[in-house]
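Breakdown of the fold
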Amino acid sequence: MTESVLNEALFRHSFIVAVLLGTLCRFLVLRIDDKQYPMRPQDYIEQIIMAGLTSSLGAIAFPALMDKEFAALTFLAVGIQQFQGLSQQEKITLNNIDDDELVPKGVAYIEEISSTYEVRSYVSLFSALFASTTYILVSKRFDASIWICTGAAVLAALIVGLIFRKVLRRNSIGDIADIKEARIYFEGPIMKVNDVVITNIGLKSTRDKFLKNGIAIEVVPKDRKDFGVVNDLGQRDAIIHNIFIHTGVDKDVDEHDIVSTSKVDLKTKSVLIVFMPILNDMELIKKVAASTPILEVSKGKQSDYKNLIKQ
């Protein structure tokens, strides 16, 4: 076994600093909400443990390369496989509990959550890798003190963390569409919103409830080429679910005539959404709908609308 090119103290210091910085950088892109799965404190514990283990992999990568211990780098591949496994497990869990939701997320939204869950795991890995590399290079090249090396490592990790935070920031519906209030009315048992037929509701008590407590919004693309995004079924389900988790839904499991649905107004190239919230606050509902992230799957679908629709 060849002797390491790094002395024990340098490796130990760089490793500890890199692991701590990689774990802290994970919190730059950590998003926890009481209304999602898993909830506090389980998700915090899980993310702290994963960030620590991931940072450890990143922290040893550069020292392993310096010592030509290329076999040690296979742990990075194993780590990436673990990220993918956790993402798949997250998707399976979300799909299972989605069946019991009064307003389900939908397959597309679950796919978006699980893929983002995987990508965010790389923040700790690369933050720790760059922190460890910077620490060692500054120490060996300039024979700097621990504090200078640590400061340089902090700067490197912070840059990587901020880059990931910017890259992972997703555009929302509010960036491409305006949210307007729409009017619900009935022609006999037929529910309409802005002259668009939504559904047939037979019970007069349900019709009265919609007229009293129901809300309708219109999602109008700012540019007609974005109609393909807001018209995507998965994107529409994501908007409806986002409204649900913030305002609740005023229905029980056996009230099938109280619908949470969306329809397209082909004349105006907009999407109409009908909902029965518990918290009936139109301004909040507009804000929530606008904050819904644009799903990756909706960007690729119907993308030729910008070429087919005449401005």
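Each residue is numbered by its place in its chain's sequence as written, counting from 1. With pLDDT at 70 or above as the cut-off, local features in this predicted model cover only qualifying residues; side-chain atom pairs require 80 or more to be listed or tallied, and sums for whole chains, interfaces and linings still use all residues. Only hydrogens and water are set aside when side-chain values are computed; all heavy atoms of the structure are taken into account.

**A closer look at the environment of Thr 199**
Let me state the cut-off plainly: Counting from the N terminus, the helices are DSSP H or I runs at least four residues long and the strands are E runs at least two residues long. The contact definition used throughout considers only heavy atoms, calling two residues in contact when any of these lie within 4.5 Å.
Within the secondary structure, Thr 199 sits in strand β4 (residues 196-200). Residues Thr 199 and Thr 261, spaced 62 residues apart in sequence, show a C-alpha to C-alpha distance of 9.2 Å. Other than its neighbours up to four places away in sequence, Thr 199 contacts Pro 189, Ile 190, Met 191 and Val 259.

**Some details on the pattern of salt bridges**
Close approach of charged atoms lets side chains of opposite charge pair. Counted only if it meets this: Salt bridges are counted wherever a side-chain nitrogen of Lys or Arg sits within 4 Å of a carboxyl oxygen of Asp or Glu. Here the term buried applies to any residue with accessible area under 20% of the maximum for its type, exposed to any over 50%, and partly exposed to those in between, with areas from a 1.4 Å probe on protein chains only.
Here the structure, examined in full by the defined rule, presents eight salt bridges. Among the ionic pairs, Glu 111 bridges to Lys 91, the shortest N-O distance being 3.0 Å. In this pair, Glu 111 is assigned in helix α4 (residues 107-120) and Lys 91 in helix α3 (residues 74-98), connecting sequence segments 20 residues apart. Taking relative accessible area as the criterion, Glu 111 reaches 33% and is therefore assigned partly exposed. The partner of Asp 250 in a salt bridge is Lys 209, and the shortest N-O contact between them spans 3.7 Å.

**Re the sheet that holds strand β5 (residues 215-221)**
As a reminder, the rule being used: Two strands qualify as a pair provided that DSSP identifies no fewer than 2 bridges between them. All axes are obtained by fitting lines to C-alpha atoms, using only the stretch in contact for helices, and the reported angles, taken between N-to-C directions, cover 0 to 180 degrees.
Taken in spatial order, the four strands make up an open sheet running β1-β5-β7-β6, and their pairing is antiparallel. The open sheet has two edge strands with one neighbour each: β1 (177-182) and β6 (261-265). Across this sheet, the average inter-strand angle for adjacent strands is 25°, counted without regard to direction. Sheet topology places β1 next to β5; six bridges connect them, and they run antiparallel. In the strand pairing of β5, Ala 177 is matched with Pro 221.

**With respect to the packing of helix α1 (residues 8-26) against helix α5 (residues 122-142)**
Put simply, the rule reads: Should the near helix be turned anticlockwise from the far one by less than a right angle, the crossing is termed left-handed; should it be turned clockwise, right-handed. Charged residues are taken to be Asp, Glu, Lys and Arg, nonpolar residues to be Ala, Val, Leu, Ile, Met, Phe, Trp, Tyr, Cys and Pro, and polar residues to be all remaining types, Gly included.
Packing of α1 against α5 leaves a shortest axis separation of 8 Å and a crossing angle of 145°. With respect to the hand of their crossing, α1 and α5 are arranged in right-handed fashion. Residues Leu 10, His 13, Ser 14, Val 17, Ala 18, Leu 21, Gly 22, Thr 23, Cys 25 and Arg 26 of α1 lie in contact with α5, whose contacting residues are Val 123, Ser 124, Ser 127, Ala 128, Ala 131, Ser 132, Tyr 135, Ile 136, Ser 139 and Lys 140. For the contact of α1 with α5, the per-class residue count stands at 10 nonpolar, eight polar and two charged.

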